[in-house]
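As a plain string of letters, each chain reads:
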Amino acid sequence: MDISRRRHTHQYHGKSHVAAECGTTLFSTCSSSASATASLVQQRRRWANMPPELLHDIIQRVEASQTTWPTRRDVVACALVCRSWRKITKEIVKTPEQCRSLTFPISLKQPGPRDAPIQCFIRRERATSTFHLYLGLSPALFGGTSKLLLAARKIRRATSTDFVISLVADDFSRASNTYVGKLRSNFLGTKFTVYDSQPRQDTSIQPNCKSHRRIYPKQLSPRVSVCNYSVATISYELNVFRTRGPRRMQCTIHSIPISAIQEGGTAPTPMEFTNFHESTPSTSDHPLILKNKAPRWHEQLQCWCLNFKGRVTVASVKNFLLVAAAEPYQYVSVTEQDKVILQFGKIGKDIFTMDYRYPLSAFQAFAICLSSFDTKPACE
Amino acid sequence: MANNGENPSPDVGGKTVKLKADDGEIFEVEEAVAMELQTVKSFFDDDGVSYDTVVPLLNVSSTALAKVIQYCRRAVELRAKSGDDEGANEKAREEREGLEAELVREESDEGIKELILAANYLNIKDMLSFLCRAVGDRIKNKSVEYVRRFFVLENDFSPEEEERTRNEVAWAFEGVDAD
């Protein structure tokens with residue numbers, strides 16, 4: 001902003017006057033249409049080359065004011081304008097762990113907040129065997145305008161069942177760019193594997209690609225392959241006493257190390273979707289294990305009770321609270337072990353609430369909850 | 001010149017400063033008002049220049065400068081009104097917000113841009129703040145293409161980059177055409 005710099009101004013002697021943009025003043029008689037046009041062109045150029053800090057300010061204001069859906073999509077729009085806007089927007093937007101807001105699809109694969117869960121609900125559509133995950137406390141409060149986060153379709157196969165998980169409700173093709181992963185169950189419905197289409201970012205985690213299948217879809221060019229990475233396994237065990245008591249549930253999250261919930265720990269946080277296989281070095285690190293909290297027997301009410309803090313209102317064997325299971329030598333604080341990392345339960349016919357928090361992501365949480373829909377009578 | 005109405009002769013006894021817009025028009029303003037423009041302030045502070053010197057503002061049109069001066073004049077007045085009194089402060093703040101709202105409400109998109117560039121060049125923090133807020137408001141709930149046109153930008157994504165953003169479009173704008 002060196003105002004002592006002299007700019008060459010040419011004085012033309014014209015006869016016409018040009019009305020200024022706002023229409024309230026006219027240029028003085030020493031200006032002409034030529035220099036007025038020149039200054040408009042100048043301004044256009046200056047505007048197009050606006051200082052980055054100004055652009056940053058504007059985008060930041062949009063991000064700060066549009067914190068909830070549906071208006072949060074204005075932030076996504078900023079990231080779609082052009083390269084410089086995308087770069088600035090991505091710099092400004094924080095992860096769900098940091099700010100509690102879900103902004104981009106990748107937010108669904110980033111860990112939730114540490115202090116309190118993000119509250120969602122799942123609607124089951126029996127006719128089409130689909131499940132929709134929405135952001136929000138429950139359907140009633142939003143009158144049908146809740147943000148759809150993920151959708152899943154159940155596909156029964158000869159020896160297993162797949163839940164294909166997608167970003168949109170109308171496309172479950174695994175070749176589509178909206179495919180994000182799947183849940184596969186074994187024949188008995190006692191063991192499940194969560195597959196992520198996203199390769200792991202954290203190089204300290206060994207990819208457990210046991211079922212690493214390359215799919216070459218016809219729609220994409222041959223060099224692009226779609227891989228599935230096993231990120232978690234879930235197992236259900238029959239209640240020991242074979243009564244109608246709750247079943248035991250254990251989730252081993254291969255993609256999250258136990259260190260994530262130790263002092264100063266972090267969980268893997270992908271920043272972009274990628275669809276190519278990256279080989280990562282292997283190290284041994286104990287995976288995070290989640291177990292369902294044992295309910296207490298309520299003598300007076302004669303039933304098993306879990307404290308869902310009002311978020312679950314209908315008794316169902318599907319309901320569960322997951323907490324971290326750690327050995328003493330793993331140095332996980334009592335506070336961390338008490339935190340309910342994933343909570344799932346019924347609130348009405350075909351409506352369930354799902355509350356998740358760090359270190360789980362919305363995708364992992366949803367996949368784990370889907371397993372609850374497929375367990376067979378052997379486990380109930 | 002219509003600006004004469006908004007730029008009356010300065011009060012007797014007050015120092016004034018002369019500002020020259022890009023088309024050569026001179027604006028004579030009270031010193032307190034001129035110092036709201038940080039760029040003008042540093043012009044005098046840094047170089048020890050005499051207050052009689054005409055300040056050349058080559059990147060600011062007379063239209064924009066007139067509005068800037070009008071706003072700063074009112075801002076200085078309102079600031080003088082507020083003091084220790086909570087009530088007076090509140091009233092002054094409300095009046096300032098009303099002034100800002102009025103200024104942006106009347107402006108076309110081109111006008112707002114001109115003002116932002118001027119406020120940025122002249123380094124007027126408060127004015128820049130509410131103008132940026134106004135621009136943010138104008139692009140809310142608009143399509144990506146609208147934003148591009150407003151900011152005079154080209155879509156410079158490569159086909160591969162564009163492909164990778166498609167899932168964002170599908171997910172964030174379900175049912176809505178983003179372009």
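Shown above is the structure to which this text applies.
Summary of the structure given here. As the structure is a prediction and not an experimental result, all values here were calculated from the model.

### Concerning the overall build of chain A
- Secondary structure summary: chain A contains 8 helices and 14 strands in total.
- Within chain A, buried positions represent 50% of all 380 residues.
- The contacts in chain A between residues at least 6 apart in sequence include a share of 57% that link residues at least 24 apart.
- Accessible area for chain A stands at about 19,000 Å²; split by element, carbon and sulfur atoms hold 53% of it.

### Points about the pairing of strand S12 (residues 320-324) of chain A
Residue and element names in this part refer to chain A.
- Most of S12 is tucked away, with 5 of its 5 residues classed as buried.
- Taking every second residue as pointing to the same face, both faces of S12 are buried, with Phe320, Leu322 and Ala324 on one and Leu321 and Val323 on the other.
- Across 3 bridges, strand S9 (residues 287-292) lies against S12 in antiparallel orientation. Among the inter-strand pairings, Asn292 is bridged to a residue of S12, identified as Leu322.
- Sheet topology places S12 next to strand S13 (residues 340-348); 4 bridges connect them, and they run antiparallel. Counterpart to Val323 in the pairing with S13 is Val340.

### Comments concerning the sheet that holds strand S3 (residues 54-56) of chain B
Residue and element names in this part refer to chain B.
- One open sheet holds the 3 strands; their spatial order is S2-S1-S3, and the pairing between them is mixed. Both outer strands of the open sheet, strand S2 (26-30) and S3, are each paired with one neighbouring strand and no more. Across this sheet, the average inter-strand angle for adjacent strands is 30°, counted without regard to direction.
- Sheet strands touched by helix H4 (residues 62-81): strand S1 (16-20) and S2. Its angle to S2, the strand with the most contacts, is close to 10°.

### What to know about the interface of chain A and chain B
- With 55 residues of chain A at the interface, the matching set in chain B holds 59 residues.
- Of the roughly 5,400 Å² buried at the junction of chain A and chain B (both faces included), carbon and sulfur atoms supply 64%.
- Taken together, chain A and chain B are joined by 3 salt bridges.
- Its salt-bridge partner being Glu168(B), residue Lys90(A) comes within 3.5 Å of it at the nearest N-O pair.
- Along the contact surface separating chain A from chain B lie 10 residue pairs in polar contact (both at pLDDT 80 or more).
- Those elements giving two or more residues to the side of chain A that touches chain B turn out to be helix H1 (33-48), helix H2 (52-65), helix H3 (73-78), helix H4 (83-92) and strand S3 (147-156) of chain A.
- Its residues placed into classes, the side of chain A that touches chain B shows 30 nonpolar, 11 polar and 14 charged.

### Let's talk about the packing of aromatic side chains
- This model, assessed by the stated rule, comprises 15 aromatic pairs over all chains.
- Aromatic pair Phe344(A) and Phe373(A): ring centres 5.6 Å apart, planes at 80°, arrangement edge-to-face. Linking Phe344(A) in strand S13 with Phe373(A) in helix H8 (residues 362-374), this pair joins segments that are 29 residues apart in sequence.
- We classify Phe373(A) as buried; its relative accessible area is 8%.
- Where Tyr71(B) meets Phe130(B), the ring centres are 5.1 Å apart and the plane angle is 55°; that geometry is what we call tilted.

### Focus on the sheet that holds strand S5 (residues 179-185) of chain A
All names here are of chain A.
- Taken in spatial order, the 12 strands line up as S1-S2-S3-S4-S5-S6-S7-S8-S9-S12-S13-S14 and close into a barrel, and their pairing is antiparallel. Sheet twist, expressed as the mean angle between neighbouring strand axes with direction ignored, is 20°.
- Note: S3 against strand S4 (residues 161-166), 6 bridges, orientation antiparallel. The residue bridging Arg153 from the neighbouring strand is Val164, located in S4.
- Of the strands in this sheet, strand S1 (118-125), strand S2 (130-135), S3, S4, S5, strand S6 (191-196), strand S7 (229-237), strand S8 (248-257), S12, S13 and strand S14 (351-356) are in contact with H8, which crosses S3 at around 40°.

### Topic: the packing of helix H5 (residues 86-106) of chain B against helix H7 (residues 125-139) of chain B
Residue and element names in this part refer to chain B.
- Running from N to C, H5 and H7 cross one another at 50°; their axes reach a closest spacing of 11 Å. With respect to H7, the axis of H5 lies oblique. As H5 runs across H7, the sense of the crossing is right-handed. Here Glu100, Leu103 and Val104 of H5 lie close against H7, whose contacting residues are Met127, Phe130, Leu131, Arg133, Ala134 and Arg138.
- Per-class residue counts for the contact of H5 with H7 are 6 nonpolar, no polar and 3 charged.

### A closer look at the pattern of salt bridges
- Scanning the entire structure with this criterion turns up 38 salt bridges over all chains.
- Between Glu336(A) and Lys339(A) there is a salt bridge; the shortest N-O distance is 3.1 Å. Both residues of the pair, Glu336(A) and Lys339(A), count as buried.
- A salt bridge links Arg138(B) to Asp109(B), with the shortest nitrogen-to-oxygen separation between them at 2.7 Å. Here Asp109(B) lies in helix H6 (residues 109-122) and Arg138(B) lies in helix H7, a separation of 29 residues in the sequence.

The rules behind the values
Residues numbered from 1 in each chain as written. Chains lettered and ligands numbered in written order. Predicted model: local features only at pLDDT ≥ 70, side-chain atom pairs only at ≥ 80, totals over all residues. Heavy atoms only, no water. Helix = DSSP H or I, 4+ residues; strand = E, 2+ residues; numbered from the N terminus. Buried < 20%, exposed > 50% of the residue type's maximum accessible area, 1.4 Å probe, protein only. Contact = heavy atoms within 4.5 Å. Areas by Shrake-Rupley, 256 points an atom, 1.4 Å probe, with all protein chains shown as cover. Pairing = 2+ DSSP bridges. Axes fitted to C-alpha atoms, helices over the stretch in contact; angles between N-to-C directions. Buried area = accessible area lost by both parts, 1.4 Å probe. Salt bridge = Lys/Arg side-chain N within 4 Å of Asp/Glu carboxyl O. Polar contact = N/O pair within 3.5 Å; in protein donor to acceptor, adjacent residues only side chain to side chain. Nonpolar A, V, L, I, M, F, W, Y, C, P; charged D, E, K, R; others polar. Phe/Tyr/Trp six-rings, centres within 6.5 Å; stacked < 30°, edge-to-face > 60°. Parallel < 35°, antiparallel > 145°, perpendicular 65-115°, else oblique. Left-handed = near helix turned anticlockwise from the far one by under 90°.

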